[in-house]
Amino acid sequence: MITGSCVALITPMLTDGTIDFKALGLLTDWHIQEKTDAIVVLGTTGESPVLTEKERTEILRFVIDRVDGRIPVIAGTGTNSTEQTIYLTEQARVLGANACLLVVPYYNRPGQEGLYQHFHRIAERVPVAQILYNVPGRTITDLLPETVVRLMDHPNIIGIKEATGDIERAKMLINAAEGKNFAVYSGDDLTAFELMLCGGKGVISVTANIAPAKMHKMCSETLRGHTEEAKAIDQQLSGLNKALFVEANPVPVKWALNKMRKIQNGIRLPLMPLRSESHPVVSEAMKSSGIVVSEM
């Protein structure tokens, strides 16, 4: 079972929007050095909606090769097309991903039975570990707990990234998963500590992009039962967890990484670089979390 701090990795880009593979390699190495527990590529934070199929393949292959088995690599392969998701998930399996992250289908607004059949068919067709991803703030459609419970018993479905921030819902899922090979992960940095206290197994984190060691430590201490130590770290990161969503993710986190001299300031339309009025918000949150900000 994958546990701990799983970074929802950004996709570094040059200022013209092309993929910066040099920076991607250095980021991957840095996360392993800082003890990040798993790397999630091609997710929301990785700007997957604006990547071509060729770029997705190149990025995933590159990260898997760079990691070289040292930590798990989870590939975002979910779309709003069942057949396209099967294709991308199979491709990720062949490339060597340890698991795939499957977002709830967006835009076409399926009902609960459609969601069940969608995820079940993918699990039947592709023999790779699969993590469901519920983020109704982006997809509109909400994967309800009763539908998740129906999917828990499939051997290829090993967990869910629950990004609603609803701890009561998380508790319900954690209780339903007792005795099963199924993990509940937080998809909301602000409530990740609380979710893990309830039995969650970790977080798929935006904040881990810029504070990987602290996020790993917070998760590790929580999972070991060292609650006070974990709470202190969580409180230190709380302002940052909020500031990184002052504009649409991944706009603030890419700006922050640029200020840390980790990446260039590349991002693709329709997203735009962080607005100047948001700079102090993110900068102050970084400083309060002990992160050095370069005055570039």
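The structure we're discussing is the one just above.
Attention here is on the structure that accompanies the text.

What counts, and at which threshold
Residues numbered from 1 in each chain as written. Predicted model: local features only at pLDDT ≥ 70, side-chain atom pairs only at ≥ 80, totals over all residues. Heavy atoms only, no water. Helix = DSSP H or I, 4+ residues; strand = E, 2+ residues; numbered from the N terminus. 1 Å grid on protein atoms, 1.4 Å probe; cavity = no way out; pocket = protein on both sides within 12 Å on 5 of 7 lines; lining within 4 Å. Points joined across faces, edges and corners; volume = space filled by probe spheres on them. Nonpolar A, V, L, I, M, F, W, Y, C, P; charged D, E, K, R; others polar. Disulfide = S-S within 2.5 Å. Buried < 20%, exposed > 50% of the residue type's maximum accessible area, 1.4 Å probe, protein only.

Turning to unusual backbone geometry, a few remarks are in order. Here the amide bond leading from asparagine 249 into proline 250 is cis, since omega sits at 10°, within 30 degrees of zero. With respect to the secondary-structure elements, proline 250 resides in the loop between helix H10 (227–243) and helix H11 (251–259). In this structure, proline 270 follows leucine 269 across a cis peptide bond, with omega equal to 15°. A positive phi angle is found at leucine 42, which is not glycine, with a value near 65°.

Inspection of every chain in the model, using the stated rule, returns 5 cavities of 30 Å³ or more. Here the largest cavity defines a volume of roughly 60 Å³. What lines the largest cavity is simply Leu42, Arg56, Thr57, Leu60, Gly76, Thr77, Leu88, Gln91, Ala92 and Leu95. For the lining of the largest cavity, the secondary-structure elements that each account for two or more residues are helix H2 (53–67) and helix H3 (82–95). With 4 residues, the top contributor of residues to the lining of the largest cavity is H3. Residues that form the lining of the largest cavity fall into these classes: 5 nonpolar, 4 polar and 1 charged.

Our next topic: the state of the cysteines. Across all of its chains, the model carries 0 disulfides by this definition. Left unpaired, cysteine 6 is separated from the closest cysteine sulfur, that of cysteine 219, by 7.8 Å. Owing to a relative accessible area of 1%, cysteine 6 belongs among the buried residues under this scheme.

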